[in-house]
Amino acid sequence: MGRIAGRFTRVEPRRRAARLVLGLLSDLSRKNCWTIAEWAGETTPDGMQHLLGRAKWDADQVRDDVCGYVVEHLHDDQAVLVVDETGDVKKGTVTVGVQRQYTGTAGRIENSQVAVCLVYAGQRGHAAVDRELYVPRSWTSDPDRCRAAGLAEETSFATKPDLAVRMVARFLDAGHHASWVSGDEVYGGNPKLRTALEERGTGYVLAVACSHEVATGAGKFCADILATKVPKRAWQKLSAGAGAKGHRFYDRAVIDLADPRPGSRQLLIRRNRSTGELAYYRCHSPASVPLTVLVRVAGSRWRVEEFFQSGKGLAALDEHQVRRYTSWSRWVTLAMLAHAFLAVVRADEHTRPAPDALIPLTCNEIQRLFITLVVRPAHDTAHRLGWSNWRRRHQARSQTSHYRQQATRA
């Protein structure tokens, strides 16, 4: 918390931000301004809501501090920046960025809010270093709606790959280094993103669709057509790294692509050894690299999925109950900080040999021990009853308001 202390001009929001981060790391079954305020010992949720909505501090500056904290403690010369989006299912139409759209969280089209995240993945661990809210055209074409949700006047439509370009550029312009960028088909199929990375001399291994067309010395072909032309001897059994259930072995083949520009370009093909299912990746590096390096970078993509799982499960990344952009960016940024703390502690613990018959400490176990042994708050009966009275009083006001609205409509 000392790293971000200078971003707050007053001591009250600085201390409240610390309590909110601890609340995000707590073992509460549901985390929002109400539950965290009660857990932290405050008498009402007003202070937490003020911190997210009206207090004077810049979430983007805190984001930059989080990025520096992650890179400093998880530093890796061969780090991979993994980009991906995640969706949070929402109700109504006024929450910033919400519309009916596909979200992998639900696995279907739902009324949801989508954010694109950038995760720094190295040998010591991984954590998010940036985030951007995806604002659909249905919003950017309606300035009044954007203004009501707290979006800047100059907000314009940007695709998810556009947001990825913005975040990678911000990371590199800050003086940080990453050798590679990885992402799924949404990003691999976007030539603007690939060109931006090539111009910066940053390597990438980006997934593409089977219908993605590439140029070879023999002409242009779709990726799935090229896969049928790969001879048996070209396939190699390689692991993308160790997972929870052991090494992830697949058959791999690589095809050189024709391009007059500097750098090395390939199409990487992955084949499931059990089902024969194929996956395809566009690859670029400033200099030629072994196939094992491309396989390692491609295998780093799971790190972003793990971040979404642990960030939501341990740091309430998706539990924000806010409507305006300012509150969203502040909640998500502090959740990133909470998760980064767990990732850094885990990395430090993994430098020490674990006792026999024990696996190294996981983020889940670190959170459990930290909250239980270090910061578990103890509140008396008066505090609990006071909160019970506050909730019931608030619910009574809401109930009365609903009855009045019904009477007016009648």
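Predicted, not measured: the structure shown is a model, and the values here were computed from it.

## With respect to the overall build of the protein
Link 1 in the chain: The helix and strand tally for the protein stands at 15 helices and twelve strands.
Link 2 in the chain: Expected size for 410 residues packed as a compact globule is a radius of gyration near 22 Å; at 24 Å, the protein falls within 12% of this value.
Link 3 in the chain: Scored against the burial criterion, the 410 residues of the protein give a buried share of 46%.
Link 4 in the chain: Pairs at least 24 apart in sequence give 62% of the contacts found in the protein among residues at least 6 apart.
Link 5 in the chain: Per element, the accessible surface of the protein, about 20,600 Å² overall, is 50% carbon and sulfur.

## Focus: the packing of helix α2 (residues 33-40) against helix α15 (residues 381-409)
Between two packed helices, what matters for the description is the angle formed by their axes and the separation of those axes.
Link 1 in the chain: Here α2 crosses α15 at 160 degrees, and the two axes come no closer than 10 Å. With respect to each other, α2 and α15 are oriented roughly antiparallel. Along this stretch, α2 crosses α15, giving a crossing that reads as right-handed. Taking contact as the criterion, the partners of W34, A37 and E38 in α2 are, on α15, H383, R384, W387, W390, R391 and H394.
Link 2 in the chain: Class assignment for the residues of the contact of α2 with α15 results in four nonpolar, two polar and three charged.

## Details of a nonpolar patch on the surface
Link 1 in the chain: Nonpolar side chains collect at one region of the surface, where L369, L373 and V374 lie side by side and expose about 300 Å² of accessible area between them.
Link 2 in the chain: Within the secondary structure layout, V374 lies in helix α14 (residues 363-375).
Link 3 in the chain: Classification of V374 by relative accessible area gives exposed; the value is 56%.

## Notes on the packing of aromatic side chains
Link 1 in the chain: Tallying each qualifying case throughout the model produces six aromatic pairs.
Link 2 in the chain: Ring centres 6.1 Å apart and planes at 70 degrees place the aromatic pair Y134 and F157 in the edge-to-face group. On the criterion of sequence distance, the pair formed by Y134 in the loop between β4 (125-133) and α5 (137-140) and F157 in the loop between α6 (143-148) and α7 (160-173) is long-range, its members being 23 residues apart.
Link 3 in the chain: Classification of F157 by relative accessible area gives partly exposed; the value is 23%.
Link 4 in the chain: Aromatic pair F307 and F308: ring centres 5.7 Å apart, planes at 50 degrees, arrangement tilted. Assigned by exposure class, F307 and F308 land together as buried.
Link 5 in the chain: Geometry around F249 places K237 over its ring, the cationic atom sitting 4.9 Å from the centre.
Link 6 in the chain: A cation over a ring is seen here: R270 above Y250, with NZ or CZ 4.5 Å from the ring centre.

## Overview of the pairing of strand β7 (residues 213-216)
Link 1 in the chain: Here β7 shows one buried face, formed by V214 and T216, and one open face, formed by E213 and A215.
Link 2 in the chain: For β7 and strand β8 (residues 219-222), the ladder comprises four bridges, and the chain directions are antiparallel. Its bridge partner being in β8, V214 is matched across the sheet by F221.
Link 3 in the chain: Taking the residues that link successive antiparallel strands as the turn, the β7-β8 hairpin has two residues.

## Overview of empty space enclosed by the protein
Link 1 in the chain: According to the stated counting rule, one finds one cavity of 30 Å³ or more in the structure shown.
Link 2 in the chain: There is about 100 Å³ of room inside the largest cavity.
Link 3 in the chain: Lining the largest cavity are 14 residues; nearest its centre among them are T86, D88, A115, W328 and V332.
Link 4 in the chain: Those elements giving two or more residues to the lining of the largest cavity turn out to be β1 (80-89), β3 (108-122), β4 and α13 (325-349).
Link 5 in the chain: Examining the composition of the lining of the largest cavity, we find that four residues originate from one element, β3, more than from any other.
Link 6 in the chain: Taken together, the residues of the lining of the largest cavity sort by class into seven nonpolar, three polar and four charged.

Criteria and thresholds
Residues numbered from 1 in each chain as written. Predicted model: local features only at pLDDT ≥ 70, side-chain atom pairs only at ≥ 80, totals over all residues. Heavy atoms only, no water. Helix = DSSP H or I, 4+ residues; strand = E, 2+ residues; numbered from the N terminus. Rg over C-alpha atoms; globule rule 2.2 N^0.38 Å. Buried < 20%, exposed > 50% of the residue type's maximum accessible area, 1.4 Å probe, protein only. Contact = heavy atoms within 4.5 Å. Areas by Shrake-Rupley, 256 points an atom, 1.4 Å probe, with all protein chains shown as cover. Axes fitted to C-alpha atoms, helices over the stretch in contact; angles between N-to-C directions. Parallel < 35°, antiparallel > 145°, perpendicular 65-115°, else oblique. Left-handed = near helix turned anticlockwise from the far one by under 90°. Nonpolar A, V, L, I, M, F, W, Y, C, P; charged D, E, K, R; others polar. Patch = residues over 30% accessible without salt bridge, like charges linked within 9 Å, V, L, I, M, F, W, Y side chains within 5 Å. Salt bridge = Lys/Arg side-chain N within 4 Å of Asp/Glu carboxyl O. Phe/Tyr/Trp six-rings, centres within 6.5 Å; stacked < 30°, edge-to-face > 60°. Lys NZ or Arg CZ within 6 Å of the ring centre and 35° of its normal. Pairing = 2+ DSSP bridges. 1 Å grid on protein atoms, 1.4 Å probe; cavity = no way out; pocket = protein on both sides within 12 Å on 5 of 7 lines; lining within 4 Å. Points joined across faces, edges and corners; volume = space filled by probe spheres on them.

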